[in-house]
Amino acid sequence: MRVSSQDVTVVALLADPDAPTEIAQRMAPMLPDRLADRSGQGRRFDVEVVSEPFTAGTEDLSTLTRRIMDRGRAESWDIVVALTDLPLHSHGRKLVVDLSHEHGLALLSLPSLGGFRLQTRTRQAVEEAVLSLAGLQAEGPPGSQPLRGPFTGRLAPVHPGQIGEEEIADLRYVVSGPRGYLRVLGGMVRANRPWRLVPGLSKALAAALATGAVATVNSTIWSLATYLSTPRLVIAMVGSVALMTGWLIVDANLWHRTDEVSPEARKRAALYNASTIVTVGIGVIVCYVGLMVINLVWALFILNARAFVSVTRTPLHVTEYWTLAWFVASVATVGGALGSGLESDEAIRAAAYSKREQERRSVLQDDHGD
């Protein structure tokens, strides 16, 4: 690692576009003071944010670290911390961070930090990486001291990982096991930001709203909703959400297929598909809840108590309003699934995936096309 003059260490946060860049830009203003306070040696830090798609076209760790190393050599940076929302793998494990003390670089895979408190965990991870690369942790040879922050704790499924002889890194942390899998899956879903799926399904939502408006004033729907038990309403809800989720994935060709036969490739494909199901599923659930609220307001406005009683033989109380809105939301979601066929595949992908994931899928499609 190079050491700048006048005890100023220049740190570059090399971030993939979209979520990693946003996270880097939010933490950059506070990092110099926090690093200076933690170093305790009168050291000063200058932090720069550089937004570049440095992971474009590859998931290979060796290629990525060499790209980062070459990028750092071309600039007057002392330390480079690269941030990506791409889930990376090493020797069958999911990578959290790679450090090379000799070259002053770190590669951090954000999904491995989980889906909760991502901003805080990323800041802690970057601080630990920078202090380690700057040689400001406990005395000892580079890479001999374990990182702290989000890398330790009884509940954190993070542990040191295997490093090959030809690799640049000298310290690696990975996650493994069921908890590690869920941690990475949560991080991938968080990076995809599934709530963005709602505005991306404008035509499907229009179809669902139209279906719900008609169903709310249908006397047959009144009778069905009145006599349906809670378990049946739950089944209708789960079935409609599953139908909408499955239809979106199939119709927009979101399912990831791999031609590779290696176990690691199949595990990677399974992870991508799991993140797709959860991402789209959460987006559909958000739509479902919105439909339920809108249907409830519409029912409160339009329903006539006398007409409802004459058809169902049941007084129109709060329970009936709620049950009707719940059932109509399920019916409307099925109508929305049919309307989703009017959406373009690009619009759904843009809503369901992070920018890096869109690029990765685009490259895969081009490869299959060739």
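About the thresholds
- Along each chain, residue indices are assigned from 1 in the same order as the chain's sequence is written.
- In keeping with the predicted nature of the model, local features appear solely for residues at pLDDT of at least 70, side-chain atom pairs appear and are counted solely at 80 or more, and the whole-chain, interface and lining totals rest on all residues.
- Where side-chain values are given, they derive from all heavy atoms of the structure, hydrogens and water being excluded.
- Only DSSP runs of H or I reaching four residues or more are called helices, and only runs of E reaching two or more are called strands; each is numbered from the N terminus.
- Only protein chains enter the area calculation, which uses a 1.4 Å probe; residues under 20% of their type maximum are buried, those over 50% are exposed, and those in between are partly exposed.
- Residue contacts follow a heavy-atom distance rule, with two residues in contact if any of their heavy atoms lie within 4.5 Å.
- Only four residue types enter the charge count: Lys and Arg as positive, Asp and Glu as negative, with His and the chain ends excluded.
- Any carboxyl oxygen of Asp or Glu within 4 Å of a side-chain nitrogen of Lys or Arg constitutes a salt bridge here.
- Residues adjacent in sequence count toward polar contacts only when both atoms are side-chain atoms; beyond that, a polar contact is any pair of N or O atoms within 3.5 Å, and within protein one must be able to donate a hydrogen and the other to accept it.
- Here a cavity denotes a set of grid points, spaced 1 Å apart and computed over the protein atoms alone, in which a 1.4 Å probe fits but from which it cannot get out, and a pocket denotes an open set meeting protein on both sides within 12 Å along at least five of seven lines; residues with an atom within 4 Å of a point are reported as lining.
- Grid points are joined across faces, edges and corners, and a volume is the space filled by probe spheres set on the points.
- Charged residues are taken to be Asp, Glu, Lys and Arg, nonpolar residues to be Ala, Val, Leu, Ile, Met, Phe, Trp, Tyr, Cys and Pro, and polar residues to be all remaining types, Gly included.
- Each axis is a line fitted through C-alpha atoms, taken for helices only over the stretch in contact, and angles between the N-to-C directions span 0 to 180 degrees.
- Each angle gets one of four labels, with under 35 degrees taken as roughly parallel, over 145 as roughly antiparallel, 65 to 115 as roughly perpendicular, and the rest as oblique.
- When the near helix sits turned anticlockwise from the far one by under a right angle, the crossing is termed left-handed; a clockwise turn instead gives a right-handed crossing.
- The nonpolar core is taken to be a set of buried Ala, Val, Leu, Ile, Met, Phe, Trp, Tyr and Cys residues, with the residues joined through side-chain atoms within 4.5 Å.
- Every residue is assigned a pLDDT by the predictor, reflecting its confidence on a scale from 0 to 100.
- UniProt positions are given in the numbering used here, feature names are shortened, and annotations may be inferred rather than shown by experiment.
- To estimate how far a helix should extend, the number of its residues minus one is multiplied by 1.5 Å.

Going by the annotation in an unreviewed UniProt entry, the name recorded for the chain is 5,10-methylene-tetrahydrofolate dehydrogenase, with Streptomyces filipinensis given as the source organism.

A. Region of the structure containing the environment of valine 126. Note on placement: valine 126 falls in helix H4 (residues 118-133). The class for valine 126 is buried, based on a relative accessible area of 0%. Taking the C-alpha atoms as reference points, valine 126 and valine 97, 29 residues apart in sequence, are found 9.7 Å from one another. If near-sequence neighbours (up to four positions away) are discounted, valine 126 is found in contact with Leu13, Met27, Leu31, Val81, Leu83 and Leu108.

B. Expanded view of the side chain of arginine 183. Its location among the elements puts arginine 183 in helix H5 (residues 177-192). Within the buried set, arginine 183 has no salt-bridge partner at all; the shortest N-O distance to an opposite charge, 13 Å, is to glutamate 128. In this structure the side chain of arginine 183 is engaged in a polar contact, spanning 2.5 Å, whose partner is the backbone oxygen of serine 112.

C. Geometry of empty space enclosed by the protein. One pass over the full model with this rule turns up three cavities of 30 Å³ or more. Looking at the second largest cavity, its volume works out to about 50 Å³. In terms of lining, the second largest cavity is formed by Ala204, Leu205, Ala208, Met244, Val284, Cys287, Tyr288, Leu291, Ala332, Thr333 and Gly336. Counting residues per element, the lining of the second largest cavity draws most heavily on helix H10 (residues 263-302), which supplies four residues. A breakdown of the residues in the lining of the second largest cavity according to their chemical character gives nine nonpolar, two polar and no charged.

D. Local environment of the packing of helix H1 (residues 19-27) against H4. In contact at an axis separation of 10 Å, H1 and H4 are set at 70° when each is read in the N-to-C sense. Considering the angle they form, H1 stands roughly perpendicular to H4. Helix-helix and strand crossings are classified by hand; for H1 and H4 the assignment is right-handed. When H1 is examined against H4, the residues Ile23, Arg26 and Met27 are found in contact with a partner set consisting of Leu118, Gln119, Thr122, Arg123 and Val126.

E. Looking closely at the nonpolar core. Ranked by internal contacts, the top residues of the largest apolar core, which has 59 residues, are Leu13, Leu107, Leu108 and Val126. Considering each element in turn, this core owes the most residues, seven residues, to H4.

F. A look at the pattern of salt bridges. A complete count under the given rule lists seven salt bridges for this structure. Of the charged contacts in the structure, one is a salt bridge between arginine 123 and glutamate 127, with a shortest N-O distance of 3.1 Å. On the criterion of helical spacing, the pair formed by arginine 123 and glutamate 127 is a turn pair, its members being four residues apart in helix H4. Shared partners join several salt bridges into a network, and the residues in it are Arg34, Arg38, Arg123, Glu127 and Glu128.

G. Geometry of the confidence of the model for the chain. Overall, the predicted model of the chain reaches an average pLDDT of 81, with 82% of residues at or above 70. Of all secondary-structure elements in the chain, the lowest mean pLDDT belongs to helix H14 (residues 355-369), at 56, while strand E3 (residues 79-84) reaches the highest, 92. In this model residues 138-144 is a low-confidence stretch, pLDDT under 50, and it forms seven contacts with partners more than four residues away in sequence or in other chains.

H. Layout of the UniProt feature "transmembrane region" (unreviewed entry) in the chain. The residues that UniProt annotates with the feature "transmembrane region" (unreviewed entry) are residues 204-225, 231-250, 271-301 and 321-339. Across residues 271-301 one finds 100% helix and 0% strand; the C-alpha atoms that close the span lie 45 Å apart.

I. Summary view of the packing of helix H8 (residues 219-227) against helix H11 (residues 305-312). The contact between H8 and H11 brings their axes to 9 Å, and the two run at 70°. Comparing their axes, H11 and H8 come out roughly perpendicular. Here H8 runs over H11; the crossing is right-handed. On the side of H8, the interface is formed by Ser219, Trp222, Ser223, Thr226 and Tyr227, while H11 contributes Ala307, Phe308, Val311 and Thr312. Class assignment for the residues of the contact of H8 with H11 results in five nonpolar, four polar and no charged.

J. Highlighting the side chain of threonine 312. The topology assignment puts threonine 312 in helix H11. Exposure remark for threonine 312: the relative accessible area of 0% places this residue in the buried category. The residues touching threonine 312, leaving out its near neighbours within four places in the chain, are Trp222, Ser223, Thr226 and Tyr227.

K. Summary view of H5. Between its first and last C-alpha atoms H5 spans 23 Å; for 16 residues at 1.5 Å apiece the expected length is 22 Å, and the two agree. Among the residues of H5, Gly180, Arg183, Val184, Leu185, Gly187, Met188, Val189, Ala191 and Asn192 are the ones counted as buried. Positioned one or two residues after H5, arginine 193 has a phi angle of 50°, which is positive.

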